[in-house]
Structure formats: C-alpha cells, structure tokens
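Observations on the three-dimensional arrangement
Here is what each chain is made of, one letter per residue.
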Amino acid sequence: MGFNIYDFSGMTHNMHLWFLERMSPTATTIVEWTVIGVSYMLFVALFGLFLVYAERKVCAAFQQRLGPMRVGLWGLLQTIADFIKLLMKELIMPKSADKFLYNLAPFIVMIATFLAMAVLPFAKGLQTLDFDIGIFYVTAVSSVGVIGILLAGWSSNNKYSLIGAMRSGAQILSYELSVSLSLVTIIILAGSMQLSVVVESQRDWWFLFKGHISSVIAFVIFLIAGTAETNRGPFDLAEAESELTAGFHTEYSGIKFAFFFLAEYINMFIVAAMATTVFLGGWMPLHFGQLESFNHVMDFIPPLVWFFMKVCGVIFLIMWFKWTFPRLRVDQILTLEWKYLLPINLVNILLMCLVVLTKFHL
Amino acid sequence: MSETKEIIISSDKIHTDQYLVNMGPQHPSTHGVLRLLVRLEGEIVHHIQPHVGYIHSGIEKMCESLSYPQVIHLTDRMDYLSAHMNNEAVCLCVENALQVEVPDRVKYIRTIMDELTRLASHQLWWCVMGMDLGALTTFFYGLRDREHILDIFEETCGARMTLNYSVPGGVMFDIHPNFQKRVKEFITEFRKKLPEYDELLTGNVIFQERTNDIGYLSLEDAIAWGVTGPSGRGSGFSCDVRKHNPYSAYPLVQFEEKLDTKGDSFARYRLRIEEMHESLHIIEQLIDNIPEGDYAVKMKGVVKLPEGEFYQRVESARGEFGVYIVSDGKKNPYRVKFRSPGFSNLFALNKMAAGHKIADLVAIMSTLDLVIPDIDR
C-alpha cells in the first residue's frame, strides 16, 4: 500500500487508484467521502477522550493531587466510563423550550468544529482539503459555532442560559477580530493563505523565529484570543460554574451535553493546531536555517509525531492558563479586546509589513 | 471602575426592562442555602433582597429546653467554621454569670484554639474566594494547609471542626502531649506556604481587577449596618472585640488590629490575609508559655445561672459574635439569643453591590465570608 510514515501522499494516491479500479468515479468519490468522514469522527472521538483525560490529569497535577486513578490502569478508562454514563442519561428538555432550536444547537456547534478540522495539515500528504484561502476559511467557519451557542441559550427558555449565551456571543465575536488579525500578520510573512504553502515555507525557520518580534507578539495575541474563542481558561464566564451554574448549556443533559463538551475540547485542539501550523511550523521538524546536520537529525522524527507534539505542547499551555488564573468579568474581557489587543494587533501588522518590505527577517 | 457606580437608564432610545433573577437556595457560590432575589438590568444589579431561613433549625428555641453544656454543643453548628469561638462565648457567659475564675492554663488553651480556628476559617475562606472567581486551584491549596490544623484538633479534641471542647469552668480534657510540638511545626510550615497564597491570588492582575474598587462600603455605612469583623475593618471600623473587650488570654498577647480605609473588596481580602499572619504571631507568643495547672475548675453537677440577663461577646472569624442569656434561675435558660455577625454583614450586601455586575456580586459575597447556618440559626 505504499505506507511511508514520512509522506502519506503515496499511500493516499494508491488508495484512490485502488478504489477507481473497482468502481465508477462517482462511487469512488462517495466511498472516499465516507471513509474520510468516518475517520474524522473516530479521530474526534478518540482525541476528545484523550484530551478530557489529559485535562483531568494536568489539572490534578497543578492542584497537587492525582486525578482519576481507579477506573482502569491510572484512570485511563475514566473518560470512556464518563461518556457511557452521558449516553445513558435521560434527555430532559424544559417544557417551554423551543424544540427545534433546542435540538439543533449542539449539532451546529459540532458542524462548525468538523468544518474547521477539514483543512488542517496533519502530516505531509495528510490534508483533506487544501484551499488557496485556507486560513481565511478556518476563521470564517469557526464563526458558525457562535450561532450554536446563541441558539442553545435562547431556546432553553432560562434566564441564566440567556445571560450566558449573550456574554459568550459578545466575547466570541470580539475575539474573532484578534484571531483574524494575528493570522493576517502571518499571511503577510508567508505570502499566501494556503495552509500547505504556509507549512512548506517554514522549512528553514518556523515563522515564530522567522518574524522574530512581530511573530512573537502575534503568537501571544493568537493564544489569548484563541482561548477566548473557545470559552476556555480565564475567559470562561459563559459557563462560569460559580455564577451561572453552566451558562448556555445548563438545560442540556446526556448526549447533547456531551456534544457541547466534546466540541469545546476539539475547538481547543483546532486553536492549538492553527497555532502550530501557522507559527510553529505545522508538521515541519525544527530546522535551524542551513545547519544541515542538525536538520537531518530532526528529520528522523516523523512529521505526524512533530505535529502532535507541538499541538500537545500548546494545549498544555492553554490548560495551564485555565487552572492558574481567576476569571475575567465580561466587561473586562471586552475591554481587553477592544482597547488593548486590537490596537496592538494593528500596530503589529504595520510592523510585520516593515519587516517583510525591508527583508529584516531570517 | 468607579464609572459603574452611576446607573444610567437609557429611556429615550431603547426601552430596557429590569428583570428578577433568583440566585436560588441551590447555588454554587452562595456558600450555603441562601436565596438572593436580584433585580437586574442587563448585567447591572439594581437591588438585592436576601431571603434567609432555608436552614433555620430553631437553635435558639431548642436551647430553652437544654442544659448549659448541651447549649454549647449546639453552638458548634451555627457558625461551624468558628466553632470554638462560639463555644467559648457561651462558656464565658456562664462563667461570668456564676463569677467563676478559670485557671490561666485554660485561658491559654482556649486562646490558642481560638486562633487556630480563625486560621482554619480564613484558609477555607481563601480557597472558596479563589474558586468563586474562577481560580479553581486555590481550593486545593487552602484545603491542603487546613488539613494540618484539623489533624491537630482531632488529636486533642476528638473532632475536626465542631470541637465542643470548652465547658463552663474549663476545657473538656487536657491538651494532648503532642499538641505543642505539632502546633509549632504547623506554624513554621504555614509561614512558608502563606507567600504562595499571595503569589497565586493577591498579586494576580486579573484578581486585582476583579476586586479593586468593587463593593465599596463607607465607614458610616459599616457602623450603621453593624458590619463587624474583617468586613467592617476593611472600611476603617475599629471593632475588634479582642482589643476593645479582651477576654481569655488576649490581654497578655501583643498583636495589632489591622484597619484599612479603602472599603473595597480588595481591602477586605487583604485584611483577612493579614489576620492570618497575626494569628500565627499570637499562637507563637502563647504556645511555649502554657502555664501548668488544672484544665478545669470543679463545677456543680447541674449548672444553674442566677436570675438575670447576661451578655458576652467574642471575636469570631466573621465578626462580633454575641451570646445573650436570660435566666430565671432554673437549669435551662429562659431565652438564649445569639448575635450573629453574618446576619448584619449580609444585609449590607445591597449597599455594596448595587450598581455593579453579577460577577461582582459573587466576588463581593465572597469577601463577606458568609456562613449561612450562622445567619439562620
């Protein structure tokens, strides 16, 4: 099958030919879509499981305790047990809730997540869709998630949920600006919005090093705005347990709650994956310019492993924020965005333009 | 942040309504079963009406059919975080009524237990304060340190929180031989841990933004509403009972009454942290010098107070706790009334939180350090 851990394009090409030999081109397309869809769903399920377990263990380490230890060796089966429990729960719906919207909301959130995941380059040759407006597509599509949150809050017919949804909506809309502008900074450096081109052009230096000051500022802003986008960390007032008992997903139980829950963790993965792709080189090994021997050593680790190492590093950072800092108030979150992050971002774009024009980069 | 104090109702362009939200008896951050009816306009709080009584157990009525040692046992469960101070208040009231002089050893032991209880209460307050604001890690840091105190209590008194250790005339049993050593170990260890608290929460920019200039209570309001304890001292109200009406071993100890004139949530927060430092200082002065002697005076089998009214106040972790006993000479009190600090502190909440946002309301309630069974009795 031509399985090469360093380059998946051979394998995918062979699979495509294998299908074409056995069925018509239309059938091939449909079967390929199914295969890709199922593998994404499997990935989301498995990685979601891993992330939830990792969060509990990381959080326990920060709080000087052990975390799940009983279910399975070192608590590895804990998340599976949790999901089985969620699946078996009774789906209680408030009587005066808007039925259609109430049922639709979790799906919209999930759809936005899946759409954004479709363009991520996991490894060389392992990228489903490669638009030439890749980065723009990701920001556009992750905005669809806001609709899900607002619908959930409105249709629950609960004042607390509505407050949570309104707060969350305002927050996500504001921080999308910061996310987009920090990505624009990198687009200027890369010269293209296509994700595969962005990754390929980090062969010599990761963009974090290449654009030095400007990239670092953009990276920091992207991380802050990214955690705000996913309603995580110090920006989780939409689901502030100590104020609103769960915010917009108060009235959801069982599998619907599991959708919101999973979507939040996979959104965190998407933010980390975007940060990795755009700032930390995606699946590119760490190369220091023209240091041939060092680069050759780094090339031994497969790109897929590089990608997941970097993503897990960024996810660890994001988890670190959540368990250390108190929560910001809603007006402080909006002030942070509109009065601080946005001006810094705009100045940073100018700075990056100067850097690129004067070729003052690595 | 002082702009938020002015409530601007835009009645010309968009008609906005006020709506009532119930921060109901079941709520993660009301520290017990407290119901707050909050009138909101958007995110701004206009008026708060607390409804208390969800955990009213009729303690004062029950006391009318109990003997005095039994009354002490009930006081554990009112403000359960300052259990020993409540016990001591009733004991002192009874002892003063009967003109009984307790030995010095008893005074020292009671004061050390008091200060340890205050520390344990403030530790729990700190961990819950962080948790209410979203810094969930503080919960575990505070509890980790509080376990040491609870272990010390368990060794000597048999119980971890609801001590029931003081009796009229003295304490129930002598301190455990390990007591002094363990307390000294605890002091050295906790002194090292207390800067961690400052690193994690006090100096954090987000935390300061959430508590600075939030929930201002002026000195006049503090006196008018009877807000005592660290909440009152944060507004500059000098109300420490240990200084104004000293009891037990407090006259023999050097400590400062910390005041702050700022009157906002951060002032109240900072004062409690400083009180923790002061408590450690007090315990240090007393722990090595416990005089030898009896741990209790011999009292009559059945304690009967003479006819009359007796009042005793102590400084509990929340403020001024008072016991008012009306006796008609029998072995049960005719009427017992407890002046609970939480009750007065809670009803100043409206003054402090009006004009702020819901998130601020939660922060302000945290700094008031309310224990609801203390309010409802």
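Cut-offs and rules
- Residues numbered from 1 in each chain as written.
- Chains lettered and ligands numbered in written order.
- Predicted model: local features only at pLDDT ≥ 70, side-chain atom pairs only at ≥ 80, totals over all residues.
- Helix = DSSP H or I, 4+ residues; strand = E, 2+ residues; numbered from the N terminus.
- Buried ≥ 20, exposed ≤ 12 C-beta atoms within 10 Å, placed from the backbone.
- Contact = placed C-beta atoms within 7 Å.
- Nonpolar A, V, L, I, M, F, W, Y, C, P; charged D, E, K, R; others polar.
- Domains from an automatic or database assignment.
- Expected span 1.5 Å × (residues − 1).
- Bend = angle between axes of the 7 residues up to and from the residue.

Topic: the environment of Ile 255 of chain A
All names here are of chain A. Relative to the helices and strands, Ile 255 resides in helix α12 (residues 254-279). Given 15 C-beta atoms within a 10 Å radius, Ile 255 is considered partly exposed. Sequence-wise, Ile 255 and Leu 91 are 164 residues apart; in three dimensions their C-alpha atoms are separated by 7.8 Å. When residues no more than four places from it in sequence are discounted, the contact partners of Ile 255 are Leu 86 and Leu 87.

So, the interface of chain A and chain B
In this complex, chain A contributes 22 residues to the contact, which on the side of chain B involves 25 residues. Elements that contribute at least two residues to the side of chain A that touches chain B include exactly α11 (241-244), α14 (303-324) and α15 (330-357) of chain A. Class assignment of the residues belonging to the side of chain A that touches chain B gives a composition of 9 nonpolar, 6 polar and 7 charged.

As for the domain arrangement of chain A
Residues and elements named next belong to chain A. Segmenting chain A into domains produces domain 1 (1-88) and domain 2 (91-357). Taking the mean C-alpha position of each, domain 1 and domain 2 sit 20 Å from one another. Every contact between the two is made by 20 residues of domain 1 and, on the other side, 20 residues of domain 2. Broken down by class, the residue content of the side of domain 1 that touches domain 2 amounts to 15 nonpolar, 3 polar and 2 charged.

Observations regarding α15 of chain A
End to end, α15 of chain A covers 39 Å across 28 residues, agreeing with the expected 40 Å (1.5 Å per residue, within 8%). The sharpest bend along α15 of chain A comes to roughly 35°, located at Leu 341 of chain A, with the proline Pro 343 of chain A sitting one to four residues further on. Listing the buried residues of α15 of chain A in full gives Val 330, Ile 333, Leu 336, Glu 337, Leu 341, Asn 345, Asn 348, Met 352 and Val 355 of chain A. Buried positions along α15 of chain A lie against α7 (159-190) and α10 (212-229) of chain A together with α14 (358-368) of chain B. Positive backbone phi, at 55°, marks Lys 359 of chain A, one or two positions downstream of α15 of chain A.

Let's talk about the environment of Leu 286 of chain B
All names here are of chain B. For Leu 286, the position within the fold is in helix α11 (residues 265-287). Taking the C-beta count within 10 Å as the criterion, Leu 286 has 19 such neighbours and is therefore assigned partly exposed. Along the primary structure Leu 286 and Val 38 are separated by 248 residues, whereas in three dimensions their C-alpha atoms are 46 Å apart. In this structure, Leu 286 is in contact with Tyr 108, Thr 111, Ile 112, Ala 249 and Val 253, ignoring residues within four places of it in sequence.

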